[in-house]
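What follows is the residue order along each chain.
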Amino acid sequence: MSIDQADVTITHHGQGQGGKYVAELAGETTNGYLEWEPRQNSSGEDIRVATHTIVPREIGGRGVAGHLVKRLVADAREHGFKIVPQCSYVAKKFDENPDWADLRA
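*Asks:* Got a sec to walk through the pattern of salt bridges? Specific residues and values, please.
*Replies:* Inspection of the entire model under this criterion finds seven salt bridges. For glutamate 28, the salt bridge is made with arginine 62, and the minimal N-O distance between the two is 3.0 Å. Of this pair, glutamate 28 sits in the loop between strand E2 (18-25) and strand E3 (31-40) while arginine 62 sits in the loop between strand E4 (46-54) and helix H1 (64-79), and the two are 34 residues apart along the sequence. Note that aspartate 102 is salt-bridged to arginine 77, the shortest N-O span being 2.7 Å. Note that aspartate 102 is positioned in the segment after helix H2 (88-96) and arginine 77 in helix H1, a separation of 25 residues in sequence. Judged by relative accessible area, which is 43%, arginine 77 ranks as partly exposed. Here the salt bridges do not stand alone but share partners, grouping Lys92, Lys93 and Glu96 into one network.

*Asks:* Provide a residue-level description of the pairing of E2, including the pertinent values.
*Replies:* Within E2, seven of the eight residues are buried, which leaves it mostly tucked inside the rest of the structure. Summarising the sheet, strand E1 (residues 8-15) and E2 pair through eight bridges and their orientation is antiparallel. When the bridges of E2 are listed, glutamine 15 appears paired with glycine 18. The turn linking E1 back onto E2 is made up of two residues, and glycine 16 within it adopts a positive phi angle of 60 degrees. Summarising the sheet, E2 and E3 pair through six bridges and their orientation is antiparallel.

Conventions adopted
Residues numbered from 1 in each chain as written. Predicted model: local features only at pLDDT ≥ 70, side-chain atom pairs only at ≥ 80, totals over all residues. Heavy atoms only, no water. Salt bridge = Lys/Arg side-chain N within 4 Å of Asp/Glu carboxyl O. Helix = DSSP H or I, 4+ residues; strand = E, 2+ residues; numbered from the N terminus. Buried < 20%, exposed > 50% of the residue type's maximum accessible area, 1.4 Å probe, protein only. Pairing = 2+ DSSP bridges.

In structure tokens form, the structure reads like this:
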């Protein structure tokens, strides 16, 4: 059962030098999240290394992780940074979406 975008709210929170995208589901007390760390390449480009995507069992199987990755990708397009998909789930989503290739660092 996949959730509709209207049923999930994703917010971005800065944490130290990095950050975390947090997914809150309507009617649920448990949240999922995607963490990232900053990096710059030799050209000085801003890069976000997607390190972990965590969706607790209570809200699993509903597409929460996918919504988190889509938000990261949307922010990359809007703010002009590249992504290193270190997290295996994020890497899988990049492989499934070849139109994101230009965002891979």
